[in-house]
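Structure assessment
The lines below spell out each chain.
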Amino acid sequence: MMDPTLAEMGNHLSDAMKILESGKLESEQGKERRKLSWKDIPGPLQGDGQDVVSILQLVQNLMHGDDDKQGQRMQYVAEQGHMALLGHSLAAYISVLERERLRKLTTRILSDTTLWLCRLFRYENGSAYYHEDDCEGLVNVCRLVINTHYEDYATEGFTMLSSKHPVIYQSAACRPGLGQHLCCQLGLPLSCLCIVPCNTMFGSLHQMDVALLDKLIRDDRESGKVPLLLIANAGTPGAGHTDKLSRLKELCVQYNMWLHVEGVNLATLALGQVSSAVTPATKCDSMTLTPGPWLGLPAVPAVTLYRHEDPALSLAAGLTSSQPVEKLRALPLWLSLQYLGHDGIVQRIKHASQLSQQLLEHLKTLASIKTSVEDELNSPVVVFRFSQDSAPSSGGSVEGYFAGDVLDALNRWLGEQLAQQVPLSGVDVVELEDEGTCVRFSPLMTAAALGTQENDVAALVEKLGEMIPVLSCTLRFRQDFKDEVLQQASLSYIEDLSWPGLGGVRYEPRTTDLDEDKRQHSVEKINGDLLKKLMELDTDLYFSGGPEFCEEKNGIFIGMATEDLDVAELVETIVSIGRDIEESGKLFENMTEVVRRGIQEAELQLQKANEEKLIEEGVFRQIPLVGSVLNWLSPVQASVKGRTFNLAEGCLDSTEPVYSVKAQMNKEASLDSPKSITKRFPGQKLFRRQGAGSDSVSDTSSVNQLEESFREMAHVQASDAEEAEVPQEHHVHIVEETALSDQRVPEGQETESVDTLR
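Definitions and limits used
Residues numbered from 1 in each chain as written. Predicted model: local features only at pLDDT ≥ 70, side-chain atom pairs only at ≥ 80, totals over all residues. Heavy atoms only, no water. Pairing = 2+ DSSP bridges. Helix = DSSP H or I, 4+ residues; strand = E, 2+ residues; numbered from the N terminus. Contact = heavy atoms within 4.5 Å. Axes fitted to C-alpha atoms, helices over the stretch in contact; angles between N-to-C directions. Parallel < 35°, antiparallel > 145°, perpendicular 65-115°, else oblique. Left-handed = near helix turned anticlockwise from the far one by under 90°. Nonpolar A, V, L, I, M, F, W, Y, C, P; charged D, E, K, R; others polar. Buried < 20%, exposed > 50% of the residue type's maximum accessible area, 1.4 Å probe, protein only. Phe/Tyr/Trp six-rings, centres within 6.5 Å; stacked < 30°, edge-to-face > 60°. Lys NZ or Arg CZ within 6 Å of the ring centre and 35° of its normal. Core = buried A, V, L, I, M, F, W, Y, C linked by side-chain atoms within 4.5 Å. Domains from an automatic or database assignment. Polar contact = N/O pair within 3.5 Å; in protein donor to acceptor, adjacent residues only side chain to side chain. Expected span 1.5 Å × (residues − 1). Arc of directions from axis to C-beta. pLDDT = per-residue confidence, 0-100. Salt bridge = Lys/Arg side-chain N within 4 Å of Asp/Glu carboxyl O.

1. Some words on the sheet that holds strand 15 (residues 556-558)
With antiparallel pairing, four strands are arranged side by side in an open sheet as 12-13-15-14. What marks the edges here is a single partner per strand, and that holds for strand 12 (491-494) and strand 14 (543-544). By the bridge criterion, three bridges tie strand 13 (residues 503-507) to strand 15 in an arrangement that is antiparallel. Of the residues in strand 15, the one forming a bridge with Gly503 is Ile558. Relative to strand 12, helix 18 (residues 454-486) is tilted by about 150°, and along the sheet it contacts strand 12, strand 13 and strand 15.

Shown next as structure tokens:
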């Protein structure tokens, strides 16, 4: 019979985990209250305590914070995941048992789990060490090897190592920082670490160079050093390649070295058919397994399986423990393995391998995709990248030294877009030393947690097929865009190889008489306004201020291109909009000074006109009473003289030619028929070449339409500051009129009194 207390505790823990995961514990009112009162400052401990619901409420708030987006709070946890999480709570509960019962229980849990894992992964007569950190097992294995090679190490300590330095060999394709971590934990100098390069002349670029390793070992032995341990890969962290394990095992036997193997490909040892490259891993001295991500089990420990006959040395190295509580680390894995069963474990690993094969078969049909897989038939890791070799070639293709950097930027964009648009695929971006930036699909590490299925792989292939033409066009138009920009005197090209797109430009003002600070301010303002206007255009292109850590400032970067892009029209539009912004800026900057000078000149001319009027009419006509009598006896015909103020030239002009031209234009406009204006079709985007794609482009270039629209905008803005509007010129009308006050007019005649404007 099962202990009812234990069963009840398991139910409560399972329910609590589901509540915390769902995030539905609090009501809507509670959410609003939390938003208003939630603080990061811890409060005082309440004297009377709190109930379970309140405590779970607090835990939920700490877990989720203010994020109300369901489904993005934590990863999907299946039933086997809940079983693994339950194991941690049960381990704490079991630890309060009496010592003898605890010893028997932990021995059973440890022996069962070790037996199951050794049988699953074909590792006969092995022992197991369970650890939270993936590197901890390898560190203790190194301690075991040191104790084995140096018999007096337990009593003499590191003085035994001073005469004969130990050497640890690892592949250059191992996890970054692994060797340094080992030396730090073991107290060894970095001179005890030997990095073995991968093959450079022939063979795989990610496999350890066995011939060079043999030479390094012989040289170390001749110099009095002790070859201690070799770390090999069954699935490199980057590309999933496997070293020549059978040949490495022979070298280790020859030189009395310990062989340790790690990597994601070790999971395939549980399958019915195992690759010939991975099978020799069953004969190694130790291996590190990570069943948590393989099976979708959160918070389960990693396992290091090893073979050694002396339990005392294993105890001294920390691979075994006499403390029963430490043996309970295997409890979450013990529960999860029983829940899944042998068939369930194999099925999950097989499903991940089938997903990799499905993706590989589709990638072979894509001409512009290059795969980087050593054993395509059995590799559970798929690494691919967009390749320039098979991309359509043209005169605008990227050539030379920087071609690899441009391709890396495009592949980085490809990986980020695939991960964003198909999140259940679990793809990520990886940097490989020889290939460069690649996209990696490793379902053994992600499929169980994300729930990746075959339709997700199909969606990934579909999105990839849509993005390949965009990548090819962008690569082809990149040089064309650069050439077009360099032909424009007002534009400067920004060379940023990390930008995934056509490239970057900067509009350079034509004014050269400004000092450096004012010029930089002008460049910043013009390019900022230019970027805003480009982003408002009806186009599929993406405009940005550039990468976050771009050295070039005040630039405009254009994103990915399509087949029907008109590069020349794009560059001309940038120049046209930038010129309009520059001219408008100059106009408004100079308007204040120009208007002030113009007003002063207008006052002088009006004063001069009054003086001429005084001379012409005489002094007596200016006296109110006398002037009225003289005007009644001898009327004077007053003439109105108009003046216009030209903002562009800063001078006064007569209004007679302006009004005559305007009258003639109105007359011609009334006689002529309206001009027809060719417009784009509804939904037609800018920067499309004529006849490209399904949408045809108008015969009239959109650049001219843009120029007219921005000129009209600048004209309207300038006209708001004027008192009158004259076509094609920015004029301020200052009307100069001469009139006599209290003027008596004979009968039958009409006069018009006009005040003089100042």
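2. Thoughts on the packing of helix 6 (residues 136-149) against helix 9 (residues 178-186)
Look at helix 6 against helix 9: their axes get within 10 Å of each other, and the N-to-C directions meet at 55°. Looking at the two axes, helix 6 sits oblique to helix 9. Both helix 6 and helix 9 take part in a crossing whose hand is right-handed. Side by side, helix 6 and helix 9 meet where Leu138, Val139, Cys142, Arg143 and Ile146 of the first sit next to Leu178, His181, Leu182, Gln185 and Leu186 of the second. Taken together, the residues of the contact of helix 6 with helix 9 break down into seven nonpolar, two polar and one charged.

3. A word on the pairing of strand 12
Look at any regular strand and the pattern is simple: side chains alternate between the two faces of the sheet. Side-chain alternation along strand 12 places Leu491 and Tyr493 on one buried face and Ser492 and Ile494 on a second face that is also buried. Two elements, strand 12 and strand 13, share four bridges in a ladder whose sense is antiparallel. Of the residues in strand 13, the one forming a bridge with Leu491 is Tyr507.

4. Examining the packing of aromatic side chains
On inspection of all chains with the given rule, the structure shows four aromatic pairs. Taken together, the aromatic side chains of Trp499, Tyr542 and Phe557 make up a single cluster linked through ring pairs. Its end group placed over the ring of Phe477, Arg476 keeps NZ or CZ at 5.2 Å from the ring centre.

5. Let's talk about the nonpolar core
One finds Tyr169, Leu213, Leu230, Val261, Leu266, Met287 and Trp294 to be the most contacted residues of the largest nonpolar core, which totals 69 residues. When residues of this core are assigned to their parent elements, the largest contribution, 10 residues, is made by helix 15 (residues 331-363). When residues are assigned to domains, this core turns out to be shared by domain 2 (87-96 + 120-343) and domain 3 (348-388 + 403-471), each giving three or more. Dropping the residues within four chain positions of it, Leu213 is found in contact with Tyr169, Val196, Met208, Leu230, Leu248 and Leu251. Core analysis: the second largest hydrophobic core is formed by 30 residues, Leu359, Trp413, Ala447 and Met560 among them.

6. Brief notes about the sheet that holds strand 6 (residues 286-289)
Ordered by their spatial adjacency, seven strands build an open sheet running 1-7-6-5-4-2-3, and the pairing between neighbours is mixed. Two strands close off the open sheet at either side, each with one partner strand: strand 1 (127-131) and strand 3 (193-196). Averaged over all neighbouring strand pairs, the angle between strand axes comes to 20°, with direction disregarded. Packed onto the sheet, helix 6 meets strand 1, strand 2 (166-171), strand 4 (226-233), strand 5 (258-262), strand 6 and strand 7 (302-306) and runs at close to 155° relative to strand 4.

7. Topic: the environment of Asp483
Tracing the backbone through its elements, the reader meets Asp483 in helix 18. For the pair formed by Asp483 and Val567, sequence separation is 84 residues and the distance between their alpha carbons is 9.9 Å.

8. Things to note about the environment of Arg307
When you line up the elements, Arg307 lands in the loop between strand 7 and helix 13 (311-317). What makes Arg307 partly exposed here is its relative accessible area of 26%. Each C-alpha atom, one on Arg307 and one on Gly126, is 5.1 Å from the other, the two residues being 181 residues apart in sequence. Filtering out sequence-adjacent residues up to four positions away, Arg307 remains in contact with Tyr123, Glu124, Asn125, Gly126, Trp258, Thr282, Lys283, Cys284 and Asp285. A polar atom in the side chain of Arg307 sits 2.8 Å from the backbone oxygen of Thr282.

9. Thoughts on helix 19 (residues 516-535)
With 20 residues, helix 19 should cover 28 Å at 1.5 Å per step; its first-to-last C-alpha distance of 28 Å lies within 8% of that length. Residues of helix 19 that are buried include every one of Val523, Ile526, Asn527, Leu530, Leu531 and Leu534, and no others. Relative to the axis of helix 19, the buried residues are bounded by an arc of 135° and lie together on one face. Facing away from the buried side of helix 19 by more than 90 degrees, the exposed set consists of Asp517, Lys518, His521 and Lys532.

10. Some thoughts on helix 6
The end-to-end C-alpha distance of helix 6 is 20 Å, a good match for the 20 Å that 14 residues give at a rise of 1.5 Å each. Every buried residue belonging to helix 6 is among Gly137, Leu138, Val139, Asn140, Val141, Cys142, Leu144, Val145, Ile146 and Asn147, and all of these are buried.

11. Focus on the packing of helix 5 (residues 99-120) against helix 15
Contact pair helix 5 / helix 15: the axes reach a minimum separation of 10 Å and the direction vectors enclose 35°. Every pair of crossing elements has a handedness; the one defined by helix 5 and helix 15 is left-handed. Where helix 5 abuts helix 15, its residues Ile109, Asp112, Thr113, Trp116, Leu117 and Leu120 lie against Leu331, Leu333, Trp334, Leu337, Gln338, His342 and Ile345. A breakdown of the residues in the contact of helix 5 with helix 15 according to their chemical character gives nine nonpolar, three polar and one charged.

12. Structural notes on the confidence of the model for the chain
In this model, the chain carries a mean pLDDT of 77, and residues with pLDDT of at least 70 account for 68%. Scored below 50 in pLDDT, residues 68-73 shows 10 contacts in the model against residues more than four places distant or in partner chains.

13. Examining unusual backbone geometry
With phi around 55°, Asn256 is a residue other than glycine that occupies positive phi space. Turning to its location among the elements, Asn256 is positioned in the loop between helix 11 (245-255) and strand 5.

14. Things to note about the pattern of salt bridges
Enumeration over the complete set of coordinates arrives at 15 salt bridges. Where Glu100 meets Arg103, a salt bridge forms, and the shortest distance between an N and an O atom there is 2.5 Å. One end of the pair is Glu100 and the other is Arg103, both in helix 5 and three residues apart, which spans about a single turn. You can call Glu100 partly exposed: its relative accessible area is 42%. Given a relative accessible area of 39%, Arg103 falls into the partly exposed group. Residues Glu508 and Arg506 are paired through a salt bridge, measuring 3.6 Å at the closest nitrogen-oxygen approach. Arg506 sits in the buried class, given a relative accessible area of 13%.

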